[in-house]
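Here is what each chain is made of, one letter per residue.
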Amino acid sequence: MTELTNLDQPLFDGAEATKGDLVDYLDAVAEQLLGELRDRPLSVMRALRGRRPFMQKNVPRYAPPWIKTVSIWAEASRRDVHYALCDDRETLRWFANQRAIEYHPTLVRIEPDGPRQTHLVLDLDPPAGAPFAVVARTAQLVRQALTDAGLEGALKTSGAKGVHVFVPLAAPTSGEAIAAATRALAARAERLDPAVATTAYVVEEREGKVFVDATRAGGATVVAAYSPRIRPGATVSFPLAWDELDRVDPTAFTIHTVPALLGDGNPWAETMPAAQALPDALVEEGRAIPVARVAAMHEGKRRARAKREAG
């Protein structure tokens, strides 16, 4: 069993919590959180004393041999990345002792027939200083876009400023089709109220609107439901009912408050709709929409070239 150390140390600046509080929280919500982490390659955000928080993907060499791992080729860095599979309480306890605060599993789950993306996700990211009411308004636009497409999603706070909308997917569904459908849904939500929502990938082009991020596909990660965040008060990504949006305070969900709110329940699993097939028309619509990162890259190159040509 992992020997826990330095439990009385502050967790991070502004956390209003100690490392011991983190360990107690993760123990209290272990069953619910492990349901989101199991069989999924895991990245974590760690907050070590005297260092800036950092994302860790590769399992460190000093990790105990009983931690399950999976190797995945990273095209960008041209190397294998050895991810942990946090499938049990003891692995979660070890991560807690490593001051791993945020838990970011992939949307892909390792299944007997191979890796499979299990959910379509839209991430709603408000501009700095925006009230949560504009996030709630944008989430309702996404819900309407889903309804118009014959789909249904579940909702949770990101633990930061925004919210995540998850749509569980029936197998088999290709990653390319999921990515296309995600782009189409984001564009539909934007069209419903372009004064509030935007799909502009470049921050400077968002004009103070809520960004409907359609790039969470393939090997992307999303912070898990019930994961703490490295945010003031040690907030938690927490499930919401759609009718709660207009009256909820996302900062109220913290490692101190969530265990009592949950009890033995699991609202994320309980509110998640059944797996759904993506409509062919939605996928075809999305295939005509450029991939945001690629479009932004080409636009950046075009602007740089125009600037050079102008002297």
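Looking up the protein chain in an unreviewed UniProt entry gives the name ATP-dependent DNA ligase, with the organism given as Conexibacter stalactiti.

Novice: Help me understand the packing of aromatic side chains in this model?
Specialist: For any pair of aromatic rings, the description rests on two quantities: the centre-to-centre distance and the angle between the ring planes. In this structure the tally under the stated criterion is 7 aromatic pairs. Ring plane angle 85 degrees and centroid distance 6.3 Å describe the contact between phenylalanine 95 and tyrosine 103, whose orientation is recorded as edge-to-face. As far as burial versus exposure is concerned, phenylalanine 95 and tyrosine 103 are alike and both buried.

Novice: How should unusual backbone geometry be read in this particular structure?
Specialist: For residues other than glycine, phi is negative in most cases, and the peptide bonds are mostly trans. Across the junction of alanine 171 and proline 172, the peptide omega takes the value -5 degrees, indicating a cis bond. With respect to the helices and strands, the residue proline 172 is situated in the loop between β10 (163–168) and α5 (175–192). Of note in the backbone geometry, glutamate 16 takes a positive phi value of approximately 55 degrees without being a glycine. Mapping glutamate 16 onto the fold places it in the segment before α1 (19–28). Under the relative-accessibility criterion, glutamate 16 is labelled exposed at 69%. In this structure, glutamate 207 is a non-glycine residue whose phi angle is positive, near 55 degrees. Assessed through its relative accessible area of 64%, glutamate 207 is described here as exposed.

Novice: What am I meant to see in empty space enclosed by the protein here?
Specialist: The gaps of empty space that remain are located by a probe, the size of a water molecule, rolled over the atoms. Here the structure, examined in full by the defined rule, presents 1 cavity of 30 Å³ or more. Quantified by volume, the largest cavity comes out at close to 40 Å³. In terms of lining, the largest cavity is formed by Leu42, Val44, Gln56, Lys57, Asn58, Val59, Pro60, Ala84 and Phe95. Grouping the amino acids of the lining of the largest cavity by side-chain chemistry returns 6 nonpolar, 2 polar and 1 charged.

Novice: How do you make sense of the nonpolar core when you look at a structure like this?
Specialist: Across soluble globular proteins, nonpolar side chains have a tendency to be buried as a group. Formed by 84 residues in total, the largest nonpolar core has its most connected members in Leu92, Phe95, Tyr103, Leu120 and Leu185. In this view, leucine 185 contacts Leu120, Leu122, Ala145, Leu146, Ala149, Leu151 and Leu282; residues no more than four positions away in its chain are not counted. In this structure, Val70, Ala74, Val81 and Leu85 belong to the second largest nonpolar core, which totals 5 residues.

Novice: What is the right way to look at α1 in this model?
Specialist: Residues spaced three or four apart along an α-helix point in a common direction, a consequence of the helix completing one turn every 3.6 residues. Taken as a whole, α1 has its buried residues at Lys19, Gly20, Leu22, Val23, Tyr25 and Leu26. Of the surrounding elements, those touching the buried residues of α1 are α2 (30–37), α3 (89–97), β5 (100–105) and α6 (258–262).

Cut-offs used in this document
- Residues numbered from 1 in each chain as written.
- Predicted model: local features only at pLDDT ≥ 70, side-chain atom pairs only at ≥ 80, totals over all residues.
- Heavy atoms only, no water.
- Phe/Tyr/Trp six-rings, centres within 6.5 Å; stacked < 30°, edge-to-face > 60°.
- Buried < 20%, exposed > 50% of the residue type's maximum accessible area, 1.4 Å probe, protein only.
- Helix = DSSP H or I, 4+ residues; strand = E, 2+ residues; numbered from the N terminus.
- 1 Å grid on protein atoms, 1.4 Å probe; cavity = no way out; pocket = protein on both sides within 12 Å on 5 of 7 lines; lining within 4 Å.
- Points joined across faces, edges and corners; volume = space filled by probe spheres on them.
- Nonpolar A, V, L, I, M, F, W, Y, C, P; charged D, E, K, R; others polar.
- Core = buried A, V, L, I, M, F, W, Y, C linked by side-chain atoms within 4.5 Å.
- Contact = heavy atoms within 4.5 Å.

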